[in-house]
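Topology and contacts: notes
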Protein chains: 2
Amino acid sequence: MQRKLVLVVEYDGTGYRGFQLQPQGATIQGELETAIRKLTGEKLRVVAASRTDAGVHAVGQVVSFRTGSALPPATVVRALNFYLPPAIAVKAAYEVAPDFDVQRQARSREYRYSILNSATPSPLRIRTSYWVPRRLEIGAMNQACACLLGKHDFASFTSPEGTAQGTVHTVYRAEVSRDGDTVTFDMEADSFLRHQVRLTVGSLIRVGLGKLSPGEFEGIVEAAQPGRAGPSAPAHGLCLRRVNYAPPLGDLMNEDI
Amino acid sequence: MQRKLVLVVEYDGTGYRGFQLQPQGATIQGELETAIRKLTGEKLRVVAASRTDAGVHAVGQVVSFRTGSALPPATVVRALNFYLPPAIAVKAAYEVAPDFDVQRQARSREYRYSILNSATPSPLRIRTSYWVPRRLEIGAMNQACACLLGKHDFASFTSPEGTAQGTVHTVYRAEVSRDGDTVTFDMEADSFLRHQVRLTVGSLIRVGLGKLSPGEFEGIVEAAQPGRAGPSAPAHGLCLRRVNYAPPLGDLMNEDI
């Protein structure tokens, strides 16, 4: 009998060409499918809630797959972690209804972009933070963020190819905070366009450096034209933190993670 | 005219055979001396406040060297960061008196050992945390820590070769704390024996797992015999946080870092 399993996955995206299988090079999807094949003998496809780009990290990516295996979820977690490379780990596994869709049933996704805002670089944070040596004005950045909240056409925050599946989304949170020399941008939305967070951060950094006013930032949002925002902030500062679901899965995840 | 400069240095020790020059393999000292040679043309030796072992990290290592260069300290910081590999960065530079000794004049050193205490591993923390899947009892570990405070013979916390320069030291802080699945051990002392923190953590983990009682831990301290503590916790969880000095250098460092 086929079951559907959902995995919560953490990865260091540094050495990977992104989540999705590519003709060449290692991907998160490829590593997960290889580990599942080693465990169950099945050659199958996994589906991700959010396809992260090359170099982007995740602490709470959610993927699903159908399997004929009857292994308990806790055993699947341990066994996959045995087969996976150190850069990828399964944090939890759940059995879900056969028609559960990790993409469509996601209520929201949470991304975090980390900036090291200090005069000197930090070797211990180099893999997960983008280094911006000049002082960022957090107040101005948050003023700009306010116009992102709610339902908008976010076409300015993607490339022309990123508009295929619609560009109107709802943003629940968009906030910049500072803790010492670490500046963090947290964004939660029902769905994200390709490169949306990195293009948003690229524009917000310009606001933080005084090169763009919060009003001009709002103008970029209102224009709703691909190519207006940016430049794109580098991939290694970005991390998919969490994908939220309705109960019962959402409640189970809240307990575990 | 020769000046003496002091550098505050951060490094990811993952790929290095420790601070000190070795007959073979890359070291932090070697990389610093190469970068200084590229900058000033001088072939010289740097001296570290605390010689970290292979794989150990630092966010506040302190090194000194004599130079004929008249470059301002701020320029030295920027230029050395240009020449250094990404795993090493200079955070600050100061000119000190010619007789200043970064080892002898250090009032104390602060080390932190980071443990990931969760059922599953964490790819994003794999370089800087030691993964202990079984639940650690922080209360018992802190009960054990109490007997480390003050002036003691710490001979149990090193190997026979580590006792050459005396084993009596003063510990100012030894404390375990938990933040979610991260368990942190912070230790400050006037000076440390070779492997002292890692052997202390190895024994404390045994206490946290219920394999050793706080009273037995105290017995290990009181025995003052090399080889009694341990096993040694792995290097990658350890980080030299800070070296403390009297004013004026101590005050300058407090302002900058």
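All of these numbers come straight from a predicted model, not from anything done at the bench.

1. Considerations on the overall build of chain A
Counting its regular elements, chain A contains 6 helices and 10 strands. The C-alpha radius of gyration of chain A comes to 19 Å, within 12% of the 18 Å expected for a compact globule of 257 residues. Burial status across chain A gives 53% buried among its 257 residues. For chain A, long-range pairs separated by at least 24 residues make up 71% of all intrachain contacts whose partners lie at least 6 apart in sequence. Summed over its atoms, the accessible surface of chain A is roughly 11600 Å², and 49% of this surface lies on carbon and sulfur atoms.

2. Quick look at the interface of chain A and chain B
With 24 residues of chain A at the interface, the matching set in chain B holds 24 residues. With both sides pooled, the region where chain A packs onto chain B buries about 1600 Å², and carbon together with sulfur makes up 64% of that total. Of all residues in chain A, A:T120, A:P123 and A:L124 bury the most surface against chain B, accounting for 39% of the area lost on that side. At the boundary of chain A and chain B, one finds 0 salt bridges.

3. Brief notes about the environment of B:G180
Position of B:G180 relative to the elements: it lies in the loop between β8 (168-179) and β9 (182-189). Distance from B:G180 to B:N117, taken between C-alpha atoms, is 8.6 Å for residues 63 residues apart in sequence.

4. Details of the pairing of strand β1 (residues 3-11) of chain A
All names here are of chain A. Of all 9 residues that make up β1, 9 are buried, and the element is covered over most of its length. Of the two faces of β1, both are covered, the one formed by R3, L5, L7, V9 and Y11 as well as the one formed by K4, V6, V8 and E10. Judged from the 8 bridges that link them, β1 and strand β3 (residues 57-67) form a sheet pairing that is antiparallel. Within β3, the position partnered with L7 by the bridge is V63. In this sheet, strand β4 (residues 88-96) lies alongside β1 in antiparallel orientation, the contact comprising 8 bridges.

5. Some words on the relation of the copies chain A and chain B
The second copy of the chain is related to the first by a rotation about an axis and a shift along the axis. Rotating chain A by 180° and moving it 0.0 Å along the rotation axis overlays it on chain B with an RMSD of 0.0 Å. Such a turn and shift between the copies fits a two-fold axis. Both copies present the same face, since 100% of the interface residues in chain A are matched by interface residues at the equivalent positions in chain B.

6. Overview of the nonpolar core
Membership of the largest hydrophobic core comes to 77 residues, with the highest contact counts inside it found for A:F185, A:F217 and A:Y245. Excluding anything up to four places from it in sequence, A:Y245 contacts A:A49, A:V62, A:F100, A:V102, A:Q105, A:A106, A:R107, A:G250 and A:M253. Within the second largest apolar cluster, 76 residues are counted, among which are B:L44, B:V56, B:V63 and B:L209.

7. Looking at the packing of helix α1 (residues 28-40) of chain A against helix α2 (residues 73-83) of chain A
Residues and elements named next belong to chain A. Where α1 contacts α2, the axes come no closer than 9 Å and their chain directions differ by 115°. In this structure, α1 meets α2 at a crossing whose hand is right-handed. Judged by residue contacts, A35, I36, K38 and L39 of α1 engage V76, A79, L80 and Y83 from α2. Looking at the contact of α1 with α2 residue by residue, the class counts come to 7 nonpolar, no polar and 1 charged.

8. Looking at the environment of A:R206
Residue and element names in this part refer to chain A. Here R206 shows up in helix α4 (residues 196-208). For R206, a relative accessible area of 32% puts it in the partly exposed group. The residues touching R206, leaving out its near neighbours within four places in the chain, are K211, L212, G230 and P231.

9. A word on the packing of aromatic side chains
All names here are of chain A. Counting across every chain of the model gives 10 aromatic pairs over all chains. Judged by centre distance (5.1 Å) and plane angle (75°), the rings of F82 and Y83 are edge-to-face. Given a relative accessible area of 66%, F82 falls into the exposed group. Site record: aromatic cluster; members linked through ring pairs are F154, F157 and F217.

10. Topic: the side chain of A:S114
Residues and elements named next belong to chain A. Along the polypeptide, S114 turns up in strand β5 (residues 106-116). By relative accessible area, which is 16% here, S114 ends up buried. Beyond its immediate chain neighbours, meaning those up to four positions away, S114 contacts T128, S129, Y130, V183 and G237.

11. So, the packing of helix α3 (residues 138-145) of chain A against α4(A)
Residues and elements named next belong to chain A. Look at α3 against α4: their axes get within 8 Å of each other, and the N-to-C directions meet at 135°. With respect to α4, the element α3 is oriented oblique. Handedness of the crossing formed by α3 with α4: right-handed. Side by side, α3 and α4 meet where A140, M141, A144 and C145 of the first sit next to L204, I205, V207 and G208 of the second. Here the residues of the contact of α3 with α4 are counted per class, giving 7 nonpolar, 1 polar and no charged.

12. Some details on the pattern of salt bridges
Using the criterion set out here, one finds 22 salt bridges over all chains in the structure. In this structure, A:D12 engages A:R127 in a salt bridge whose closest nitrogen and oxygen atoms are separated by 3.1 Å. One end of the pair, A:D12, is in the loop between β1 and α1; the other, A:R127, is in the loop between β5 and β6 (130-131), and 115 residues separate them in sequence. With relative accessibility at 29%, the residue A:R127 sits in the partly exposed group. The closest approach of N and O atoms between B:E95 and B:R3, which form a salt bridge, is 3.1 Å. Here B:E95 is found in strand β4 (residues 88-96), whereas its partner B:R3 is found in strand β1 (residues 3-11), with 92 residues between them in sequence. One connected set of salt bridges, linked through shared partners, spans A:R112, A:R173, A:E175 and A:D186.

13. Quick notes on the confidence of the model for chain A
Considering every residue of chain A, the mean pLDDT works out to 96; 100% of them sit at 70 or more. Here the complex is predicted with pTM 0.94, and the ipTM for its interfaces comes to 0.93.

14. A few points about α2(A)
Those residues of α2(A) not exposed but buried are A:V76, A:V77, A:A79, A:L80 and A:N81. The elements touched by buried residues of α2(A) are β1, α1 and β4 of chain A.

The rules we used
Residues numbered from 1 in each chain as written. Chains lettered and ligands numbered in written order. Predicted model: local features only at pLDDT ≥ 70, side-chain atom pairs only at ≥ 80, totals over all residues. Heavy atoms only, no water. Helix = DSSP H or I, 4+ residues; strand = E, 2+ residues; numbered from the N terminus. Rg over C-alpha atoms; globule rule 2.2 N^0.38 Å. Buried < 20%, exposed > 50% of the residue type's maximum accessible area, 1.4 Å probe, protein only. Contact = heavy atoms within 4.5 Å. Areas by Shrake-Rupley, 256 points an atom, 1.4 Å probe, with all protein chains shown as cover. Buried area = accessible area lost by both parts, 1.4 Å probe. Salt bridge = Lys/Arg side-chain N within 4 Å of Asp/Glu carboxyl O. Pairing = 2+ DSSP bridges. Least-squares fit on C-alpha atoms with pLDDT ≥ 70 in both. Core = buried A, V, L, I, M, F, W, Y, C linked by side-chain atoms within 4.5 Å. Axes fitted to C-alpha atoms, helices over the stretch in contact; angles between N-to-C directions. Left-handed = near helix turned anticlockwise from the far one by under 90°. Nonpolar A, V, L, I, M, F, W, Y, C, P; charged D, E, K, R; others polar. Phe/Tyr/Trp six-rings, centres within 6.5 Å; stacked < 30°, edge-to-face > 60°. Parallel < 35°, antiparallel > 145°, perpendicular 65-115°, else oblique. pLDDT = per-residue confidence, 0-100.

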